[in-house]
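Fold and geometry: a report
Given next are the chains, with one letter for each unit.
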Amino acid sequence: MFFRRALLVGGSAAATAALLAAVAVGKNGGTSESDSLTPPVTTGKWDRNWDRREPMSMVNLQKINGETGEEELNAKLTKHKAKATRHIFLIRHSQYRLDGKTDEERVLTSLGREQAELTGRRLESLGLKYTHIVHSSMTRAKETTEIISKFFPGVKKSSSDLLREGAPIRPDPPVCHWKPDVEQYYEDGARIEAAFRNLIHRADPKQEEDSYEIIVCHANVIRYMVC
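Treat the numbers as computed from the prediction; the structure is a model and nothing was measured. (Residues numbered from 1 in each chain as written. Predicted model: local features only at pLDDT ≥ 70, side-chain atom pairs only at ≥ 80, totals over all residues. Heavy atoms only, no water.)

Moving on, we get to the overall build of the protein. Check the secondary structure of the protein and you find 5 helices and 6 strands. Secondary structure elements of the protein occur, N-terminal to C-terminal, as β-β-α-β-α-β-α-β-α-β-α. Buried residues in the protein amount to 44% of all 227 residues. When the accessible surface of the protein is summed, it comes to about 13,600 Å², and 52% of that surface belongs to carbon and sulfur atoms. (Helix = DSSP H or I, 4+ residues; strand = E, 2+ residues; numbered from the N terminus. Buried < 20%, exposed > 50% of the residue type's maximum accessible area, 1.4 Å probe, protein only. Areas by Shrake-Rupley, 256 points an atom, 1.4 Å probe, with all protein chains shown as cover.)

Right, let's talk about the packing of aromatic side chains for a bit. This model, assessed by the stated rule, comprises 4 aromatic pairs. Taking 6.0 Å as the distance between ring centres and 45° as the angle between the ring planes, the aromatic pair formed by Trp50 and Phe196 counts as tilted. In this pair, Trp50 is assigned in the loop between β2 (19–25) and α1 (69–80) and Phe196 in helix α4 (residues 182–199), connecting sequence segments 146 residues apart. Grouping residues by exposure puts Trp50 and Phe196 together as buried. The interplanar angle of 90° and the centroid separation of 6.2 Å between the aromatic rings of Trp178 and Tyr185 together place this pair among those described as edge-to-face. (Phe/Tyr/Trp six-rings, centres within 6.5 Å; stacked < 30°, edge-to-face > 60°.)

Moving on to the environment of Trp50. By relative accessible area, which is 16% here, Trp50 ends up buried. Residues Trp50 and Arg202, spaced 152 residues apart in sequence, show a C-alpha to C-alpha distance of 9.8 Å.

A separate point is the nonpolar core. If you look at the biggest cluster of nonpolar residues, it comprises 16 residues, and the most contacted ones within it are Leu163, Ile200, Ile215 and Met225. Beyond its immediate stretch of four places on either side in the chain, Ile200 contacts Val25, Trp50, Arg86, Ile88, Ala195, Ile215 and Met225. Phe89, Leu123, Ile214 and Val216 belong to the second largest nonpolar core, which has 13 residues in total. (Core = buried A, V, L, I, M, F, W, Y, C linked by side-chain atoms within 4.5 Å. Contact = heavy atoms within 4.5 Å.)

What follows deals with the packing of helix α2 (residues 110–125) against helix α3 (residues 139–148). To describe two helices that pack against each other, one gives the angle between their axes and the distance between the axes. The interhelical angle for the contact between α2 and α3, taken along N-to-C directions, is 45°, at an axis separation of 8 Å. Accordingly, the angle class assigned to the pair α2 and α3 is oblique. Where α2 crosses over α3, the two elements pack in a sense that is right-handed. Packed against α2, whose contacting residues are Arg113, Ala116, Glu117, Thr119, Gly120 and Leu123, the element α3 presents Thr144, Ile147 and Ile148 at the interface. (Axes fitted to C-alpha atoms, helices over the stretch in contact; angles between N-to-C directions. Parallel < 35°, antiparallel > 145°, perpendicular 65-115°, else oblique. Left-handed = near helix turned anticlockwise from the far one by under 90°.)

This brings us to the side chain of Glu213. Within the secondary structure layout, Glu213 lies in strand β6 (residues 211–217). By relative accessible area, Glu213 is classed as buried at 14%.

Here it is in structure tokens:
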């Protein structure tokens, strides 16, 4: 698995603030074929089975026939191995009104709407065949998605409460300007981890072609997923 980030640029200088992070979840889960029998991960090492979809973990070794063991094992590993790569674009919502007291009042500003428009045009210019747009159920993410999705009228959209903004984990080192209550980390962390597990994983073995998906959410959610 690899990550890359790029600033979306277009239009006026004041409207180039949309940040996009692209995550490619590869066929091999970011590892080589040679260490498929590596023991379980220990602290500080990459966990091959981070999404619980590593082919070896899907095979019941006790059911492998002793005489045809290697051939049978290879066949089962091939059956569970991803053939395609999921390309996931993580997009933060556009600028919104900070003076809103409720989520419904925190709508996009005029600059925010321009940012979303430019983001949609930039995504369209890539010429990719997008398969799905998932967005946070918060107002600013929904409005950003509505503008972006104008450029992809045939692409399915869905909303997820799991992607709502929150405090996923205590910053290290600490920051002085943001101090959520301790219980907020406990509540939000589990939810945002659930969003990660639900949306960021290797392709299903039945998927034959690479896919391109868009997730519109929030800064802390994107930080957590990328890290």
